[in-house]
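Residue-level structural notes
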Amino acid sequence: MPIYEYTCQDCGGSFETIRAMKDADAELACTHCQSHHIKRNLSLFNAASGGIALTTSNSSCGGCAGGSCSSCGAN
């Protein structure tokens with residue numbers, strides 16, 4: 001099951017929870033203040049394909065000896 005990230009519109013607290021995809025937008029209480037006025041955030045993810053890591057962040061792929069994807073041509 002995927003991990004979803006939420007932000008409380010009342011207290012500003014952020015939290016994550018593991019839920020079925022069909023329940024991603026179902027009612028949920030804030031883990032900080034128990035408010036039901038929450039918003040699901042756009043989450044980043046990381047996937048690997050053929051030994052090359054694909055990511056939505058600006059981090060290196062981790063497989064490069066030079067420490068950046070520009071040195072190994074993976075971008």
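How each quantity is defined
- Residues numbered from 1 in each chain as written.
- Predicted model: local features only at pLDDT ≥ 70, side-chain atom pairs only at ≥ 80, totals over all residues.
- Heavy atoms only, no water.
- Helix = DSSP H or I, 4+ residues; strand = E, 2+ residues; numbered from the N terminus.
- Buried < 20%, exposed > 50% of the residue type's maximum accessible area, 1.4 Å probe, protein only.
- Areas by Shrake-Rupley, 256 points an atom, 1.4 Å probe, with all protein chains shown as cover.
- Polar contact = N/O pair within 3.5 Å; in protein donor to acceptor, adjacent residues only side chain to side chain.
- Contact = heavy atoms within 4.5 Å.
- Core = buried A, V, L, I, M, F, W, Y, C linked by side-chain atoms within 4.5 Å.
- Salt bridge = Lys/Arg side-chain N within 4 Å of Asp/Glu carboxyl O.
- Patch = residues over 30% accessible without salt bridge, like charges linked within 9 Å, V, L, I, M, F, W, Y side chains within 5 Å.

What follows concerns the overall build of the protein. A tally of regular secondary structure across the protein gives one helix and five strands. Listed by position from the N terminus, the elements making up the protein come as β-β-β-β-β-α. The buried share of the protein, reckoned over its 75 residues, is 20%. When the accessible area of the protein is evaluated, it comes to approximately 5,400 Å², of which 51% is carbon and sulfur surface.

Another point: the environment of L42. Note on placement: L42 falls in the loop between strand 3 (38-40) and strand 4 (46-49). By relative accessible area, L42 is classed as exposed at 81%.

Before going further, it helps to spend a moment on the side chain of S35. Along the chain, S35 turns up in the loop between strand 2 (14-18) and strand 3. Engagement of the side chain of S35 in a polar contact is seen with the side chain of D10, the distance being 2.4 Å. Among all residues touching S35, those that are not within four sequence positions of it are C8, D10, L28, A29 and C30.

Counting residues in each nonpolar core, the largest one holds eight residues, listed as Y4, Y6, C8, F15, A24, L28, C30 and I38. Here the element with the most residues in this core is strand 1 (residues 3-8); it accounts for three residues. When sequence neighbours within four positions are dropped, the list of residues in contact with Y6 reads G13, S14, F15, T17, R19, D23, A24, L28, I38, K39, R40 and N41.

Right, let's talk about the pattern of salt bridges for a bit. Should the charged atoms of two oppositely charged side chains come close, the side chains can pair. Per the counting criterion, the structure on display carries two salt bridges. Across the pair R40 and D25 runs a salt bridge whose closest N-O atoms are separated by 2.9 Å. Here D25 lies in the loop between strand 2 and strand 3 and R40 lies in strand 3, a separation of 15 residues in the sequence. On the basis of relative accessibility, which here comes to 36%, the residue R40 falls in the partly exposed class.

Attention now goes to a nonpolar patch on the surface. A cluster of nonpolar residues, M1, I3 and I18, forms a patch on the protein surface that exposes about 370 Å² of accessible area. Mapped onto the fold, M1 is located in the segment before strand 1. By relative accessible area, which is 74% here, M1 ends up exposed.

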